[in-house]
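# Fold and contact review
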Amino acid sequence: MKSSYIQLKGRTALVTGAGGGIGGSGRGIALALAGAGANVVIAARRKVTGDETAALIAREQGTALVVECDVSVRTEVDAAVSAAVSTFGGLDLVVHNAVNREGGYSFAIQEVTDANWYAQASVAWDCAYFLAQAALPYLKRSGRGRFIMLGSCAGLHGSAMNPVYSALKGGVRGFVKALAREWGPYQITVNAVEPVAAVDPSEVFFNQSPQVVAQFMRNLPMGRLGRPREDIGRAVVAICSDEFGFVTAQSIQVDGGLYTAV
Amino acid sequence: MPISLTEGSVVFVAVSGTDAGGPLADGLVRQGARVALLTDTVVEADAAVTRIATTFGSRESVAAAFARARELLGPAQLVVHSGTPAISFISSPIERLPYEQWSASVHDAVKCTIYCLQAAHEHFEGRCGAIVVFGPVLSLVGAAGLVPLSTALEAQRSIVKSAARQWGRKGIRVNWVAIGAEGKYPALESAVIPQVPEFGLPSAPLGRVPDIGGDAADLIGFLGSDAARAVTGTTLNIDGGNWMVP
């Protein structure tokens, strides 16, 4: 088992969108959490991709459970939380990473339709609401509960051609600020991670505009995109650790220094 | 260079869900503007304000209201918008928040802003113009019991930045104004509003909370003027110095 110096042994994490492909941040986060000793519940829209993530975790002697889950459906989110609790005896860490792939496609604000909005918002936002309602009793019981959402640099700076994705990821900042105030008395921290990473939506976006890639890379002080497991996953592990027990309501950029004007 | 709207400027004020449109429209009229107030709320406003009852539930209905405003007053130089459904001001812990309230507070709010931005863009096509979107300062600081409101406001603030980036070269500027919530959003009286770290009221360094018809209208008038020609995509926080963010 690849070990992280931050041990989460005995804690249970639920990660949405954890069946993502090779470049998926959810898979990287799941692997990093398992690597730190957590039991990981892989909530995946397609079981086959969740099984792939679970196999990678098993290969490193980690513990994982796969739950097929359309995160835009409340009953399926409830079932994923119940599965975590019934299998591992509790739930300590929730990581909402799932996004709709449409977030990677470019379109102008004047072209946005209600269908565009709901396709992405039901995954990014409704799931967060469902998760918060379903997980709260167990996060309270944990005594060191963590609720983490994946934001994006697009929410911070406002992407010219990804208006819906930008709005939803900006909304994540508001969600964590408000919920952190609400759940602070329970000692549950609520934070967001805003990565610049080689993950699926980025790939889709970059593939449409190769010339943007070169310019983007020039602006990255570290000269590369974040790696799903090593960079993004470990940042999530850090937030889950006791060392970050007093850090809440923050949107933490894990972006190699791209955005310095916050 | 005037730092406010010039006499006779046309302004469309499109406000959904709160009565903030009334005092704001009055404040802009006092600056010499000709104002159309597009609203779904019963509000008091100066007789000089042209009222247009508006439904913000679809792109078509908002576009129709903009078309009517243009018919009555001519093309606008400035569009001012706020979209915060009344239900989003009702405080509730998230675990007891019904889905209907969640959905109306987040989805309807952001769609309303998208519709207004789309209508404004169509209205400005080929001409320079300014758009100001405003909301409570809770967009910046969050509030317990108001998760959906904070979520929607931050989303609106992000989409303002997207619009500013996308339409800047067309001469359309888009900015966000965050207004100190404690004093002028009566709907928030029952909510748990965060205070400054020093705790307690009065907390604003300026010793008072901002007034929408005066302080906010003046700032918005500035953002609509030529003096603000290089200002776009920004967030201006008008709360008397309470939070001093970002």
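Reading the values: rules and limits
Residues numbered from 1 in each chain as written. Chains lettered and ligands numbered in written order. Predicted model: local features only at pLDDT ≥ 70, side-chain atom pairs only at ≥ 80, totals over all residues. Helix = DSSP H or I, 4+ residues; strand = E, 2+ residues; numbered from the N terminus. Buried ≥ 20, exposed ≤ 12 C-beta atoms within 10 Å, placed from the backbone. pLDDT = per-residue confidence, 0-100. Contact = placed C-beta atoms within 7 Å. Nonpolar A, V, L, I, M, F, W, Y, C, P; charged D, E, K, R; others polar. Pairing = 2+ DSSP bridges. Axes fitted to C-alpha atoms, helices over the stretch in contact; angles between N-to-C directions. Expected span 1.5 Å × (residues − 1). Arc of directions from axis to C-beta. Core = buried A, V, L, I, M, F, W, Y, C linked by C-beta atoms within 7 Å. Parallel < 35°, antiparallel > 145°, perpendicular 65-115°, else oblique. Left-handed = near helix turned anticlockwise from the far one by under 90°.

With that settled, the discussion passes to the overall build of chain B. A tally of regular secondary structure across chain B gives 7 helices and 7 strands. Counting helices and strands in the order they occur from the N terminus, chain B gives β-α-β-β-α-β-α-β-α-α-β-α-α-β. Counting only residues that meet the buried cut, chain B has 61% of its 246 residues in that class.

A word on the confidence of the model for chain B. Within chain B, residue pLDDT values average 90, and 90% of them lie at 70 or more. Scored as a whole, the predicted complex attains pTM 0.93, and scored at its interfaces, ipTM 0.92.

Contact with chain A, which involves 36 residues of that partner, is made by 38 residues of chain B. Residue assignment for the side of chain A that touches chain B shows that the elements contributing at least two residues are helix H4 (114-142), helix H5 (153-157) and helix H6 (163-183) of chain A. Here the side of chain A that touches chain B is composed, by residue class, of 20 nonpolar, 10 polar and 6 charged.

All names here are of chain A. Reading across the sheet, the 7 strands line up as S3-S2-S1-S4-S5-S6-S7 and stay open at both edges, with parallel pairing between neighbours. Sheet topology places strand S3 (64-68) and strand S7 (251-254) at the edges, where each strand pairs with a single neighbour. Shown here is a sheet whose adjacent strand axes are inclined to one another by a mean of 20 degrees, direction ignored. In terms of strand pairing, strand S1 (residues 12-16) meets strand S4 (residues 93-96) through 3 bridges, oriented parallel. Residue pairing across strands places Ala13 opposite Leu93, the latter belonging to S4. Sheet contacts for helix H1 (residues 25-35): S1, strand S2 (39-44), S3, S4, strand S5 (146-150) and strand S6 (189-195); angle to S1, the most-contacted strand, approximately 170 degrees.

So, on to the sheet that holds strand S6 (residues 172-179) of chain B. All names here are of chain B. One open sheet holds the 7 strands; their spatial order is S3-S2-S1-S4-S5-S6-S7, and the pairing between them is parallel. Of all the strands in the sheet, just strand S3 (50-53) and strand S7 (235-238) have a single pairing partner and so form its edges. On average, each strand axis in the sheet is tilted by 20 degrees relative to the strand beside it, whichever way the strands run. As judged from the 4 bridges shared by strand S2 (residues 34-39) and S3, these two strands associate in the parallel manner. Across the sheet, residue Leu38 finds its bridge partner in S3, namely Ile52.

Residues and elements named next belong to chain A. With 13 residues, helix H2 (residues 47-59) extends 18 Å between its outermost C-alpha atoms, agreeing within 8% with the 18 Å of an ideal straight helix rising 1.5 Å per residue. Looking only at H2, the buried set comprises Thr49, Gly50, Thr53, Ala54 and Ile57. End-on view of H2: buried residues confined to an arc of 140 degrees, all on one side of the axis. Among the exposed residues of H2, those oriented more than 90 degrees off its buried face are Val48, Ala55 and Arg59. Considering only its buried residues, H2 is in contact with H1, S2 and S3. Remark: Gln61 follows H2 within two positions and exhibits a positive phi of approximately 65 degrees.

Let's shift gears to the environment of Gly151(A). Of note, Gly151(A) is situated in the loop between S5 and H5. Taking the C-alpha atoms as reference points, Gly151(A) and Ala124(A), separated by 27 residues in sequence, lie 9.4 Å from one another.

Turning our eyes to something else, we now look at the pairing of strand S4 (residues 78-83) of chain B. Residues and elements named next belong to chain B. Taken across its 6 residues, S4 has 6 buried, putting it largely inside the fold. Residues Leu78, Val80 and Ser82 of S4 are buried on one face, and the alternating residues Val79, His81 and Gly83, pointing to the opposite face, are buried as well. Pairing between strand S1 (residues 10-16) and S4: 6 bridges, direction parallel. Each residue of the ladder has a partner; that of Val13, found in S4, is Val80.

Judged by nonpolar contacts, the single largest core of 167 residues is most densely connected at Leu33(A), Ile42(A), Val236(A) and Val13(B). For this core, the element with the highest residue contribution is H4(A), accounting for 15 residues. Contacts of Val13(B), omitting those with residues within four sequence positions, involve Gly21(B), Leu24(B), Ala25(B), Leu28(B), Val35(B), Leu37(B), Leu38(B) and Val80(B).

In this model H6(A) runs 30 Å from its N-terminal to its C-terminal C-alpha over 21 residues, within 8% of the 30 Å that 1.5 Å per residue would give. Taken across its 21 residues, H6(A) has 21 buried, putting it largely inside the fold.

Turning to the packing of helix H1 (residues 21-30) of chain B against helix H7 (residues 212-224) of chain B, a few remarks are in order. Residue and element names in this part refer to chain B. For the pair H1 and H7, interaxial distance at closest approach is 8 Å and the crossing angle is 60 degrees. Here H1 is positioned oblique relative to H7, judged by the angle of their axes. For the element pair H1 and H7, the recorded crossing hand is right-handed. Here H1 contributes Pro23, Leu24, Asp26, Gly27 and Leu28 to the contact with H7, which in turn contributes Ile212, Gly213, Gly214, Ala216, Ala217 and Gly221. When grouped by side-chain class, the residues that make up the contact of H1 with H7 number 6 nonpolar, 4 polar and 1 charged.

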